[in-house]
Amino acid sequence: MPRHHATCTLCEAACGIVVEEERGKVLSVRGDPDDPMSRGYVCPKVVGMQGLHDDPDRLRTPLIRRGDKHVAASWDEALGVAADGLRRVRDEHGKDAVAVYQGNPTAHNLGLMTFGQAVLRTLGTKNLFSASSTDQVPHMRAAHEMFGHVFYMPVPDIDRTDHLLVVGANPLVSNGSIMTAPDMKRRLEAIRSRGGRVVVVDPRRTETAKAANEHVFIRPSTDAGLLLAMIHQIFRERLERPGTLLRHLAQLDELRDAVKDFSPKAVATATGIDAAKIVSLARTFAKADRAVCYVRVGTCHQEHGTLVSWAAYALNAITGNLDREGGSMWTTPAAELVWIADLVGLAGQGRFKSRVRGLEEVAGELPVACLAEEIETPGKGQVRALITSAGNPVLSAPNGRRIDAALARLTHMVSVDSYLNETTRHAHVILPPVSPLQRSHYDLALAAFSVRNHAKLTLPVLPQGKNERQDWEILLELGLRIHLGGNPVSRATIPGVRAGLARLGPEGVVDLALRTGPHKLSADMLRGHPHGLDLGPLESRVTEILRTRDKKVHLAPKPFVAELPHLAASLADATKGDELLLIGRRHLRSNNSWLHNDERLVKGRARCTLLLHPRDAARFGLVDGALAQVTSARGSVTFPVEITEDIMPGVASAPHGWGHDRGGTRMRVAEAHAGTSVNDITDDRLLDRLSGNAAFSSVRVKIAAAAHSAAAE
Ligand SMILES: Nc1nc2c(c(=O)[nH]1)N[C@H]1C(S)=C(S)[C@@H](COP(=O)(O)OP(=O)(O)OC[C@H]3O[C@@H](n4cnc5c(=O)[nH]c(N)nc54)[C@H](O)[C@@H]3O)O[C@H]1N2
Ligand SMILES: Nc1nc2c(c(=O)[nH]1)N[C@H]1C(S)=C(S)[C@@H](COP(=O)(O)OP(=O)(O)OC[C@H]3O[C@@H](n4cnc5c(=O)[nH]c(N)nc54)[C@H](O)[C@@H]3O)O[C@H]1N2
Ligand code: SF4
Ligand SMILES: [Mo]
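Residues numbered from 1 in each chain as written. Chains lettered and ligands numbered in written order. Predicted model: local features only at pLDDT ≥ 70, side-chain atom pairs only at ≥ 80, totals over all residues. Heavy atoms only, no water.

Enquirer: If you had to explain the sheet that holds strand 18 (residues 412-416) to someone new, which residues and values would you point to?
Expert: The strands that make up a sheet pair up through hydrogen bonds in the backbone, lying either parallel or antiparallel. If you trace the seven strands from one edge of the open sheet to the other, you get 5-4-19-18-17-6-7, paired in mixed fashion. Strands with a single pairing partner mark the edges of an open sheet, and in this sheet they are strand 5 (69-72) and strand 7 (128-130). Averaged over all pairs of adjacent strands, the angle between strand axes in this sheet comes to 20°, irrespective of strand direction. Two strands pair when backbone bridges link them, and strand 6 (residues 98-102) and strand 17 (residues 385-389) are joined in this way by five bridges, in the parallel orientation. Residue pairing for strand 17: Val100 is matched across the bridge by Ile387. (Pairing = 2+ DSSP bridges. Helix = DSSP H or I, 4+ residues; strand = E, 2+ residues; numbered from the N terminus. Axes fitted to C-alpha atoms, helices over the stretch in contact; angles between N-to-C directions.)

Enquirer: Give me the site of ligand 3: which residues, what numbers.
Expert: Around ligand 3, a shell composed of Cys8, Leu10, Cys11, Ala13, Ala14, Cys15, Val42, Cys43, Lys45, Val46 and Asn175 is seen. Here the shell around ligand 3 is built from residues that sort into nine nonpolar, one polar and one charged. (Near = heavy atom within 4 Å. Nonpolar A, V, L, I, M, F, W, Y, C, P; charged D, E, K, R; others polar.)

Enquirer: Summarise the packing of helix 10 (residues 264-271) against helix 11 (residues 275-287); cite the residues concerned and give the values.
Expert: Contact geometry of helix 10 with helix 11 gives a least axis separation of 8 Å together with a crossing angle of 115°. Taken together, the axes of helix 10 and helix 11 lie roughly perpendicular to each other. Here helix 10 and helix 11 pass one another in a crossing that is right-handed. Across from Pro264, Lys265, Val267, Ala268 and Thr271 in helix 10, the residues of helix 11 making contact are Ala275, Ile278 and Val279. When the residues that make up the contact of helix 10 with helix 11 are grouped by side-chain class, the tally is six nonpolar, one polar and one charged. (Parallel < 35°, antiparallel > 145°, perpendicular 65-115°, else oblique. Left-handed = near helix turned anticlockwise from the far one by under 90°. Contact = heavy atoms within 4.5 Å.)

Enquirer: Before we move on, could you go through the side chain of Asp598 and cite the residues and values that matter?
Expert: In this structure, Asp598 sits in the loop between strand 25 (580-583) and helix 25 (599-602). Although Asp598 is buried, it forms no salt bridge, and the closest oppositely charged side chain is Arg600 at an N-O distance of 4.1 Å. Once residues within four sequence positions are removed from consideration, Asp598 is found in contact with Val47, Gly48, Gly51 and Val669. (Buried < 20%, exposed > 50% of the residue type's maximum accessible area, 1.4 Å probe, protein only. Lys, Arg positive; Asp, Glu negative; His and termini not counted. Salt bridge = Lys/Arg side-chain N within 4 Å of Asp/Glu carboxyl O.)

Enquirer: Hey, could you go over the side chain of Asn392 for me, with residue numbers and the actual values?
Expert: Checked against the element boundaries, Asn392 lands in the loop between strand 17 and helix 16 (393-396). By relative accessible area, Asn392 is classed as buried at 8%. Apart from residues lying up to four places away in sequence, Asn392 is in contact with Tyr101, Asn421, Glu422, Thr423 and Ser593.

Enquirer: Report on the site of ligand 1, specifying residues and quantitative values.
Expert: In the vicinity of ligand 1 there are 31 residues, among which Ser174, Asp202, Ser221, Asp223 and Ser590 approach most closely. Between ligand 1 and Lys45, the relevant distance is 3.0 Å, taken from a nitrogen atom to a side-chain nitrogen or oxygen of the residue. One nitrogen or oxygen atom from the side chain of Asp223 is found 2.7 Å from a nitrogen atom belonging to ligand 1. Protein burial of ligand 1: of its 920 Å² of free accessible surface, 97% is covered by the chains. Elements represented by at least two residues in the shell around ligand 1 include exactly helix 5 (171-174) and helix 12 (297-300). Examining the composition of the shell around ligand 1, we find that three residues originate from one element, helix 5, more than from any other. Its residues assigned to classes, the shell around ligand 1 shows 11 nonpolar, 14 polar and six charged. (Polar contact = N/O pair within 3.5 Å; in protein donor to acceptor, adjacent residues only side chain to side chain. Areas by Shrake-Rupley, 256 points an atom, 1.4 Å probe, with all protein chains shown as cover.)

In structure tokens form, the structure reads like this:
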């Protein structure tokens, strides 16, 4: 029975898997004990790799919309309709009239990371959007100002640290993010068993918080206050000790000056953390042998998200923990992501702005929070056509209902996606790729943020059928037809150009990147290591990577310091008003919006619930299981309530990616477990001020018992 070695592409842990198959039928998917990174570990979500492949609802042929129905079509016809419509809008209204949205699975798909990115950027539109602006752009903005490149985000050297301060992340459930580190449970336990300390700062006592030495509740969206106060205290007690890093640091005095008003006392009320506790957090962090402050998505989803990333990077730097074993380090990936990013013009920030709201780009992309207004607002440059690739913004972007309505107004929409879902149901053409088991894989993006240097190239487990296409083949063909399909002469060149680029293929790009990369590998060499190649622990890189003009780490970038009065004003307002603050949460068996069509992953207790503290529940007359009406400035939805002391009073938590009952979709299991989309009430006006990232954790809501009629719906 054939056994294949592959990589699970469902999350950033990138676990090695062994797939048993017989004549194209998957029999089992298990952890690969010989993968040097994951050593046999897989999480319960891994069954999704088989589930996706076998799912009868997964689209096997392209669909074209006729009236309000989607019907099967041939590849030639579908690609023709898709390209003609896009070309027509472009010719009539200009390049910016065609927008692009790329979703999160792009990062887990070699073809999309290489050819997909490149093709979509050749469209020359400034209206490029992606899930990055609901995720990590605050880290990117901070890395850009402090280290000189959006992709030089450091990762926690979790396997060698003595003190891990986790702020706004729940790696035991998310399996780690911007930190590829499979089997988080073992890695966290290892810190504690070698005498180290794990401290979690979160408005919810999360799974990770329960496994830590200490958990500290914080009022949502006040983390910049906490971290700047820790820096303040460290300077006040002269505990800073950058050590040998000092010669790479600029603006240490400016940083000291910038934080002078952010004393622990000044931020205590806003953060909900005692001044004495902040002082002790600062001292233990500064005095720990090897410490690292790790901030993640919970801190990005705030009005001052970039300031949190800045403060975390600065805290690591002034305590000598940046670019140091057991601290915050840069990966030395075998294929330099930065090299590829520079090639397609990804690096940079602030080079252009959105048409309607004037929001700035980061890495060549505009915030998705302004996609709907760019479609709705007439004028030159109005978006009239859209390509979505591996994304579901109707459920994943703020104010999803508005996006839903805006997509319905598009002249032309094309989706590269495996499902007819909440977003793609608006598409005039849906072009479905093969399943993850049918493509080769190299983690171009994730391996650049791994806690160990490693490289792994895997081959497709299952063959690609004659009538099937990979994502990159679809986008390459679409791009060629848009660019060259306009007249018979250029159209005649398509087969030749296609053949030339297809010969290179995504693996060819990886091979080039590996050969020119720091470890001087090649695709052939990796083919000889089917379990992956361990390239050792992270190493110091500061002297080679800094891209700032003076080749130093900028500890107090001017645009960040200029934001501090706004931060102070927000902190002063933090306790005003009687609304609750709505935050998100993830579940181990779920993955954003798109693994809900697998019976094995959705069975059991309903997960799309609203967590409330008993005191708040009593205040609103809600009992466990009752339906709550949750109302924001953007709208109102209902959730069943789950009462728990694990959530901070004054805070409510709901997961995102649910709400599969919109009609017009073809995901039968998901529809039967529909849940509610929290993004129907999140606010596209609430953004991280410096990066434009969606501030999902700053949403103020009113809660009431839902009227009986609503409960019966
Ligand atoms: N099982 C599973 N794994 C996933 C995903 C999934 O959907 N399911 N999604 C993947 C994706 S796309 C990503 S980006 C990563 C994210 O990975 P993580 O960053 O680990 O994300 P979360 O698990 O959402 O953890 C965020 C934490 O922030 C807390 N939080 C919310 N607001 C605030 C705040 O204002 N301050 C502080 N200090 N904390 C706050 C929340 O309570 C939550 O515990 O996970 C990835 N992995
Ligand atoms: N309220 C709230 N909203 C959030 C978050 C939150 O914490 N709270 N988290 C945000 C974050 S961190 C993220 S990353 C975004 C995610 O936002 P999105 O990326 O927009 O949403 P996903 O749910 O990941 O949708 C992925 C889509 O890609 C398709 N797909 C899966 N694999 C492939 C593939 O290989 N090829 C192609 N072509 N398609 C594929 C799926 O069918 C699905 O339609 O959501 C964000 N939204
Ligand atoms: S942690 Fe789970 S979902 Fe993530 S890569 Fe590993 S097996 Fe796949
Ligand atoms: Mo994400």
